[in-house]
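Listed here are the chains, written in short residue letters.
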Amino acid sequence: RDSIERFVQDHYAPTQRAALISSDLGYSPANWRLYADMGWLGLPFEERYGGYGGSPVDTAILMEALGRGLVLEPYISSVLMGGGLVAAAGLHAQKDAILPRLIAGELTLACAYLEPQSRFNPADVETTADAVGDGYRIDGHKCVVYQGSSADRIIVSARTAGSRCERVGISLFLLSPNHPGVTRKDYKTLDGQNASEFYFRDVRLGHECLLGEVGQALPSIEQTLDRVVSAVCAEAVGAMEASNAITRDYIKKREQFGVPIGSFQVLQHRWVDMHTEAEMAKSMSDVLAMRLRDGDAEGGAMVAAAKVRVGKAAQAVGQGAVQLHGGIGMTDEYPIGHYYKRLMMIDMLFGNQDYHATQYERLTAAAS
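What you see is a predicted model, and the numbers here were worked out from it, not measured in a lab.

1. Topic: helix α8 (residues 265–293)
Okay, step 1: Given a rise of 1.5 Å per residue, 29 residues ought to cover 42 Å, and the 42 Å separating the end C-alpha atoms of α8 matches this to within 8%.
Okay, step 2: Residues of α8 that are buried include every one of W271, M274, E277, A278, A281, S285, L288, A289 and L292, and no others.
Okay, step 3: Looking at the buried residues of α8, the elements they touch are α4 (56–69), α7 (218–253) and α9 (299–325).
Okay, step 4: Of the residues trailing α8, G295 is marked for its positive phi of about 70 degrees.

So this is what it looks like as structure tokens:
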């Protein structure tokens, strides 16, 4: 945590961050090399691949610090989602070939698992991968591929058997985003980061592009998503803590009617409510990380509960911070609006409140 906080102080002043957002890549390659040098890229992976064997609790500590700094490097998409899928689904030879390069900062990944109709459900896959000759032919459309424009390789989920929403028959493929037959449309997300739509038309792949076992990818996707949700909850906690600190300092200094506006009791109550929301979110995030570390059998329900609770807190803190700042909170030059945008993006990433509330109801009903 201390090393990341120093990194944020040195490399993430508002002007530096704004320059990175406006760049083509959307983040700094020099910063990414520093991530590798500091060992952050290897934190969640086994030591046999060059990692440090960190648990979801270790990842949460790192992500809270990254959240406080609003960092832009593709840690979630490349390391936690992409690397997580390779670690969970890949064969030993594939892990040996991919993870050391990822940990060294020589390779970045992005994951194309969502589709326009899927609404966050990783089992809702219409993209097909038909066996042809000595390989596969992929056809379909993947949406909101986070950091897809800057990735060296993309991991694509496609259906090799079964019909839409069946749990069996989903496979993963690793390919270049510039592979023949692949087209891409890039755009900026609400928080200024990059995402892409990927279209696959008669994309021919060899058997070596299959990641893991054919038709058995969904459990690995769900396991990886659980850990990623824990990480983004921790990131949101860090962003909320920073938002509250910035807001507290502002209302102490901003004067109206000759006194600091922080002396008005109604604003004090509003800030305390925001602080309480952030503390409850941190408690949920911490418990989730510990449950996943310990392999809790009810971890899926806890993932859903935490995502809902953190999402509600993110809305309360983000909206409250902007409102207590008044007009300056709406300007692009002042940092609080950027925290609000990132918090709203985290609320949507990997399932919004409605989706996870439904998941929680389903999982608890099944367990009772």
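2. Describing the pattern of salt bridges
Okay, step 1: With the rule as written, the count across this model stands at 19 salt bridges.
Okay, step 2: The residue R68 makes a salt bridge to E5 at a minimum N-O spacing of 3.6 Å. Here E5 lies in helix α1 (residues 2–11) and R68 lies in helix α4, a separation of 63 residues in the sequence.
Okay, step 3: Looking at R68, the relative accessible area reads 21%, which means it is partly exposed.
Okay, step 4: One salt bridge connects E126 with R164, and the closest N-O pair in it is separated by 3.6 Å. Remark: R164 occurs in the loop between β4 (153–159) and β5 (170–175) and E126 occurs in the loop between β1 (109–112) and β2 (128–132); sequence separation between them is 38 residues.
Okay, step 5: Owing to a relative accessible area of 45%, E126 belongs among the partly exposed residues under this scheme.

3. Details of the nonpolar core
Okay, step 1: With 92 residues, the main nonpolar core has Y35, M63, Y75, I155, M240 and F350 as its most contacted residues.
Okay, step 2: Here this core takes 16 residues from α7, the largest share from any one element.
Okay, step 3: Among residues more than four places away in sequence, those in contact with Y75 are W32, Y35, W40, L41, L43, P44, L62, M63, L66 and L80.
Okay, step 4: Counting residues in hydrophobic clusters, the runner-up holds 19 residues, among them A129, I138, A158 and C209.

4. Digging into the packing of aromatic side chains
Okay, step 1: Evaluation of the coordinates by the stated rule reveals 11 aromatic pairs.
Okay, step 2: Taken together, a centroid distance of 5.6 Å and an interplanar angle of 75 degrees make the contact between F7 and W40 edge-to-face. With a gap of 33 residues between them, F7 in helix α1 and W40 in the loop between α3 (29–37) and α4 connect regions that are remote in the sequence.
Okay, step 3: Note on F7: relative accessible area 3%, which makes it buried.
Okay, step 4: With relative accessibility at 7%, the residue W40 sits in the buried group.
Okay, step 5: Judged by centre distance (5.1 Å) and plane angle (65 degrees), the ring pair of Y136 and F173 falls under edge-to-face. In this pair, Y136 is assigned in strand β3 (residues 135–146) and F173 in strand β5, connecting sequence segments 37 residues apart.
Okay, step 6: Taken together, F7, Y12, Y27, W32, Y35, W40 and Y75 form an aromatic cluster joined through their ring pairs.

5. A look at α1
Okay, step 1: The complete set of buried residues in α1 reads S3, I4, F7 and V8. The arc that holds every buried residue of α1, seen down its axis, measures 140 degrees, which confines them to one face. Of the exposed residues in α1, those oriented more than 90 degrees away from the buried face are D2, Q9 and D10.
Okay, step 2: Check the buried side of α1 and you find it contacts α3 and α4.

6. Some details on unusual backbone geometry
Okay, step 1: A positive phi is found at L70, a non-glycine position, where the angle reads about 50 degrees.
Okay, step 2: Note on placement: L70 falls in the loop between α4 and α5 (75–89).
Okay, step 3: Exposure remark for L70: the relative accessible area of 5% places this residue in the buried category.
Okay, step 4: In this model, C165 sits at a positive phi of 75 degrees, which is unusual for a non-glycine residue.

7. Observations concerning the layout of surface pockets
Okay, step 1: By volume, the largest pocket amounts to about 450 Å³.
Okay, step 2: In terms of lining, the largest pocket is formed by 20 residues, of which the most central are P122, E222, Y355, Q359 and R362.
Okay, step 3: Every element with two or more residues in the lining of the largest pocket is listed here: α7, α9 and α11 (353–367).
Okay, step 4: In terms of residue class, the lining of the largest pocket is made up of 12 nonpolar, 4 polar and 4 charged.

8. Focus on the state of the cysteines
Okay, step 1: Evaluation of the coordinates by the stated rule reveals 0 disulfides.
Okay, step 2: The structure places no disulfide on C111, whose sulfur is separated from the nearest cysteine sulfur, that of C143, by 14 Å.
Okay, step 3: Under the relative-accessibility criterion, C111 is labelled buried at 7%.
Okay, step 4: Of all cysteine sulfurs, the one in C143 lies closest to C165, which takes part in no disulfide; the gap is 14 Å.

Definitions and limits used
Residues numbered from 1 in each chain as written. Predicted model: local features only at pLDDT ≥ 70, side-chain atom pairs only at ≥ 80, totals over all residues. Heavy atoms only, no water. Helix = DSSP H or I, 4+ residues; strand = E, 2+ residues; numbered from the N terminus. Expected span 1.5 Å × (residues − 1). Buried < 20%, exposed > 50% of the residue type's maximum accessible area, 1.4 Å probe, protein only. Contact = heavy atoms within 4.5 Å. Salt bridge = Lys/Arg side-chain N within 4 Å of Asp/Glu carboxyl O. Core = buried A, V, L, I, M, F, W, Y, C linked by side-chain atoms within 4.5 Å. Phe/Tyr/Trp six-rings, centres within 6.5 Å; stacked < 30°, edge-to-face > 60°. Arc of directions from axis to C-beta. 1 Å grid on protein atoms, 1.4 Å probe; cavity = no way out; pocket = protein on both sides within 12 Å on 5 of 7 lines; lining within 4 Å. Points joined across faces, edges and corners; volume = space filled by probe spheres on them. Nonpolar A, V, L, I, M, F, W, Y, C, P; charged D, E, K, R; others polar. Disulfide = S-S within 2.5 Å.

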